[in-house]
Amino acid sequence: MLPATHRQRATRLPGRGAVAGWAATRACGVEDCDGLDSDGRTLLDVPQCLGRQRVRGGDGVELWFDPLPEEDVVEIDGIRFTRPARTCLDRMRRADDLREAVVVVDQMAHAGLVKLPDMAAYADARAGWRGIEQAHRALRLSDPMSRNGWETRMRMVWVLDAGLPTPMCNPPIFDLYEGLLGFPDLFDPTAGVVVEYDGSGHRESRQHDQDNKREEVFEDHGLVVARVSRADLADRRALADRMARTRRRGLRRNRAHDAWTLDVPPSWGAYGAADDDVDAMFT
């Protein structure tokens, strides 16, 4: 549910409006939407969609006056929220740019709150709304297998800035003896390139050691590995150039040394490993 400080503002919702945006996403259980700005400290305003009502806002709220039919509203714990499809569309339309719009739809699709074909139809039915073209473009770029916003932003540098073929997100890669090598954040199967995002927790000694070991496992099986940090994402041009160089290196690799496959072993079924084994590979 919403953090207590945001819930207090949401309960002051006037009339037949609905809490929207990041707060409606959080109400559906997506904890990444924590109500904090990028500095990790500043409280974000709670978006409230009021339809055609004309009321004055208050501290800590952001008022939206888009159409709000009742079918776009759901009540949770006594508070009216926009439904996931409407929430996703509004957040994509209002995102600062295309990349952040893709972050939104990746996040909500990964959480199982929306399905891309349904979202495309939902957006089609709202042609002419402000920002709808950005929403359509974001849907075309989305991949529900992306696990967090930083992975998505990294993928957008690969695709939009470096102009490279769309990579796979978190696919299971195996050795030739049915052993799991790992789930790389991004994977280009043509070039045999693995791209991993190093979040803040990856700087800790134990996690750093695990990252190094995982990188060695990938490289021992013929894959080329690149690592990306949040600082790298601040200079997208430089990162795009490095990604392009890494892919060229992957295309030149000696494929006779490839000892990996994307073919899922019969013993796994449809990713049929034990849940805790899969979870361990994602940490």
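Everything below is about the structure printed above this text.
A few points on the structure.

1. Thoughts on the side chain of Thr246
- As for its placement among the helices and strands, Thr246 is situated in helix H10 (residues 236-251).
- Since its relative accessible area comes to 6%, Thr246 is described here as buried.
- Here Arg242 takes part through its backbone oxygen, which lies 2.9 Å from a polar atom of the side chain of Thr246.
- With residues up to four places along the chain from it excluded, the contact list for Thr246 reads Val193, Val224 and Ala226.

2. As for the environment of Gly60
- Positionally, Gly60 belongs in the loop between strand S2 (46-49) and strand S3 (61-64).
- Look at Gly60 and you get buried, because its relative accessible area is 18%.
- Put simply, Gly60 and Leu44 are 16 residues apart on the chain and 7.3 Å apart in space, counted from C-alpha to C-alpha.

3. A short note on the nonpolar core
- With 20 residues, the main nonpolar core has Cys88, Leu89, Met92, Val114, Met119, Ala138 and Leu139 as its most contacted residues.
- Of all the secondary-structure elements, those providing two or more residues to this core are helix H3 (84-94), helix H4 (98-110), helix H5 (116-124) and helix H6 (132-141).
- When residues in this core are grouped by element, the largest group, seven residues, is from H4.
- The contact partners of Ala138, leaving out residues within four places of it in the chain, are Met92, Leu98, Ala101, Val102 and Val105.
- One finds Val157, Leu164, Ala191 and Val195 within the second-largest nonpolar core, a separate group that totals 18 residues.

Basis of the calculations
- Residues numbered from 1 in each chain as written.
- Predicted model: local features only at pLDDT ≥ 70, side-chain atom pairs only at ≥ 80, totals over all residues.
- Heavy atoms only, no water.
- Helix = DSSP H or I, 4+ residues; strand = E, 2+ residues; numbered from the N terminus.
- Buried < 20%, exposed > 50% of the residue type's maximum accessible area, 1.4 Å probe, protein only.
- Polar contact = N/O pair within 3.5 Å; in protein donor to acceptor, adjacent residues only side chain to side chain.
- Contact = heavy atoms within 4.5 Å.
- Core = buried A, V, L, I, M, F, W, Y, C linked by side-chain atoms within 4.5 Å.

Function-wise, these values are silent; they only describe arrangement.
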